[in-house]
Amino acid sequence: MVAVVTGASRGIGLSIAETLIKKGFSVILSARSITTLAEKLCTAYPDKAFFFAADISEKDDISALVSFAEEKFGSVDLLVNNAGVAPKERKDILEITPEDFDFVADINLKGTFFVTQKFVPLLTKNKSARIVNISSMSAYTASVNRGEYCISKAGISMITKLFAARLAEFGISVIEIRPGIIETDMTAKVKEKYEALIEQGITPIKRMGQPEDIAKCVAAIADGSFDFCTGTVIDCDGGFNIRCL
Ligand code: NAP
């Protein structure tokens, strides 16, 4: 079984890659650049872990990643669209510029769409391939100081539905995982703020999520536990999604 995980150099993606390798998958880890942690994983599993540098906002990089997967394995069983960025600076939606918007949308939204589209020929070579899109609770939660991120994640929800509808005839399922507050580099700058909110009860489960929490959901999908599901959303968020009265 072969998996491709984007944004696998650290955080959630790295944990997903490691979990899949331990389940016996061969994994292509991708990101713009390799980290020591990703290098360590590739050294520990030289026959299972392969790093390929690619920026998903660059169409030539996406093509190169697909070609690498094709030459190495011929087909792909599981694509995990995890690569994503937060805004460089949190700004009110009345202040953001088109450049701010494009930076996030080109990676999170357009990148995810075209990575998916370009991997379809390799996924359809298998009878029951799977795609997992890592969106966010921001897909439905309005944060007015990072609106472009919320829009990009809401877009991933629609990417999930579109490809789920389009690819079902090829036996390909598409599932969206919406992480809540996960302890990674992305949340490092706002960790104290989030910890305080959690303490005040913003999530019924009173802790930050860990990358492994998301990786376990991906592992269940990879196992086939969700095989009658497509276009489905998994909220992996400590219960943030519950409205309480
Ligand atoms: P992270 O630690 O910042 O890791 C992001 C990963 O994406 C890195 O491997 C990064 O590597 C890669 N990446 C960024 N821009 C890229 C590009 N243009 N092309 C290819 N790869 C790129 O973030 P994380 O917290 O693990 O987040 C992973 C995913 O979960 C993201 O989509 C994020 O939006 C989502 N998420 C996170 C949280 C959270 O609380 N942490 C919550 C909800 C959703 P390079 O920089 O080297 O490219």
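Below is a summary of the structure that appears in this document. Because the structure is predicted, anything quoted here is derived from the model rather than measured.

Rules of the game
Residues numbered from 1 in each chain as written. Predicted model: local features only at pLDDT ≥ 70, side-chain atom pairs only at ≥ 80, totals over all residues. Heavy atoms only, no water. Helix = DSSP H or I, 4+ residues; strand = E, 2+ residues; numbered from the N terminus. Rg over C-alpha atoms; globule rule 2.2 N^0.38 Å. Buried < 20%, exposed > 50% of the residue type's maximum accessible area, 1.4 Å probe, protein only. Contact = heavy atoms within 4.5 Å. Areas by Shrake-Rupley, 256 points an atom, 1.4 Å probe, with all protein chains shown as cover. Lys, Arg positive; Asp, Glu negative; His and termini not counted. Charge placed at Lys NZ, Arg CZ, Asp CG, Glu CD. Near = heavy atom within 4 Å. Polar contact = N/O pair within 3.5 Å; in protein donor to acceptor, adjacent residues only side chain to side chain. 1 Å grid on protein atoms, 1.4 Å probe; cavity = no way out; pocket = protein on both sides within 12 Å on 5 of 7 lines; lining within 4 Å. Sits in = over half its atoms within 2 Å of the grid points. Salt bridge = Lys/Arg side-chain N within 4 Å of Asp/Glu carboxyl O. Points joined across faces, edges and corners; volume = space filled by probe spheres on them. Nonpolar A, V, L, I, M, F, W, Y, C, P; charged D, E, K, R; others polar. Pairing = 2+ DSSP bridges. Phe/Tyr/Trp six-rings, centres within 6.5 Å; stacked < 30°, edge-to-face > 60°. Lys NZ or Arg CZ within 6 Å of the ring centre and 35° of its normal. Axes fitted to C-alpha atoms, helices over the stretch in contact; angles between N-to-C directions. Core = buried A, V, L, I, M, F, W, Y, C linked by side-chain atoms within 4.5 Å.

## Details of the overall build of the protein chain
Helices and strands together make up the secondary structure of the protein chain, namely eight helices and seven strands. Expected size for 245 residues packed as a compact globule is a radius of gyration near 18 Å; at 17 Å, the protein chain falls within 12% of this value. C-alpha atoms of the protein chain, sized along the principal axes, occupy 50 × 40 × 35 Å. By the burial criterion, 50% of the 245 residues in the protein chain qualify as buried. Long-range pairs, those at least 24 residues apart, make up 69% of the contacts in the protein chain between residues at least 6 apart in sequence. By element, 55% of the accessible surface of the protein chain is carried by carbon and sulfur atoms, the whole surface being about 12,000 Å². The centroid of the 28 positive side-chain charges in the protein chain is displaced by 4 Å from the centroid of its 31 negative side-chain charges.

## Digging into the site of the ligand
Contacts to the ligand come from 30 residues, most closely from Ser-9, Arg-32, Asn-82, Tyr-149 and Thr-184. For the ligand, an oxygen atom lies 3.2 Å from a polar atom in the backbone of Ser-33. Contact distances for the ligand include 3.4 Å between an oxygen atom and a backbone N or O atom of Gly-180. About the coverage of the ligand: the protein hides 95% of its 870 Å² of free accessible area. Here the ligand occupies the largest pocket. At the level of elements, α1 (11–22), α5 (147–167) and α6 (185–188) are the ones that each hand at least two residues to the shell around the ligand. The element that contributes the greatest number of residues to the shell around the ligand is α6, accounting for three residues.

## Looking at the pattern of salt bridges
For the structure shown, the criterion picks out 11 salt bridges. Here Glu-169 ties to Arg-166 by a salt bridge, and the two come within 3.0 Å at their closest N and O atoms. Each of Glu-183, Lys-191 and Glu-195 takes part in a single network of salt bridges with overlapping partners.

## Section: the layout of surface pockets
As a volume, the largest pocket reaches approximately 1,100 Å³. In terms of lining residues, the largest pocket is bounded by 42 residues, among which Gly-84, Val-85, Ala-86, Thr-184 and Met-186 are the most central. For the lining of the largest pocket, the secondary-structure elements that each account for two or more residues are α1, α4 (98–123), α5 and α6. Looking at the lining of the largest pocket residue by residue, the classes come out as 19 nonpolar, 13 polar and 10 charged.

## Structural notes on the pairing of strand β3 (residues 49–53)
Burial within β3 is extensive, with four of its five residues counted as buried. In this structure, strand β2 (residues 26–31) lies alongside β3, joined through five bridges in parallel fashion. Looking across to β3, one finds that Leu-29 is bridged to Phe-51.

## Quick word on the packing of aromatic side chains
If you walk through the whole model with that rule in mind, you get four aromatic pairs. With a centroid separation of 4.9 Å and an interplanar angle of 75°, the aromatic rings of Phe-113 and Phe-114 are classed as edge-to-face. Among the aromatic residues, ring-to-ring pairing joins Phe-113, Phe-114 and Phe-163 into one connected group. If you follow Lys-72 out to its NZ or CZ, it ends over the ring of Phe-50, 4.5 Å from the centre. Positioned over the ring face of Phe-103 is Lys-88, at 4.4 Å from the centre of the ring.

## Considerations on the sheet that holds strand β6 (residues 173–179)
Reading across the sheet, the seven strands line up as β3-β2-β1-β4-β5-β6-β7 and stay open at both edges, with parallel pairing between neighbours. Looking at strand neighbours, the two that pair on one side only are β3 and β7 (232–236), the edges of this open sheet. Taken pair by pair, the neighbouring strands of this sheet meet at an average axis angle of 20°, ignoring direction.

## Focus: the nonpolar core
Judged by nonpolar contacts, the single largest core of 33 residues is most densely connected at Ile-16, Leu-20, Leu-29 and Ile-177. Once residues lying within four places of it in the same chain are set aside, the contact partners of Leu-20 are Ala-3, Val-5, Phe-25, Val-27, Leu-78, Val-80, Val-218 and Ala-222. The next biggest cluster of nonpolar side chains, apart from the first, holds 28 residues, and it includes Val-66, Leu-123, Ala-129 and Ile-172.

## Some points on the side chain of Thr-160
Of note, Thr-160 is situated in helix α5. Overall, Thr-160 belongs to the buried group, its relative accessible area being 0%. Beyond its immediate chain neighbours, meaning those up to four positions away, Thr-160 contacts Asn-133, Val-174, Ile-175, Glu-176 and Gly-231.

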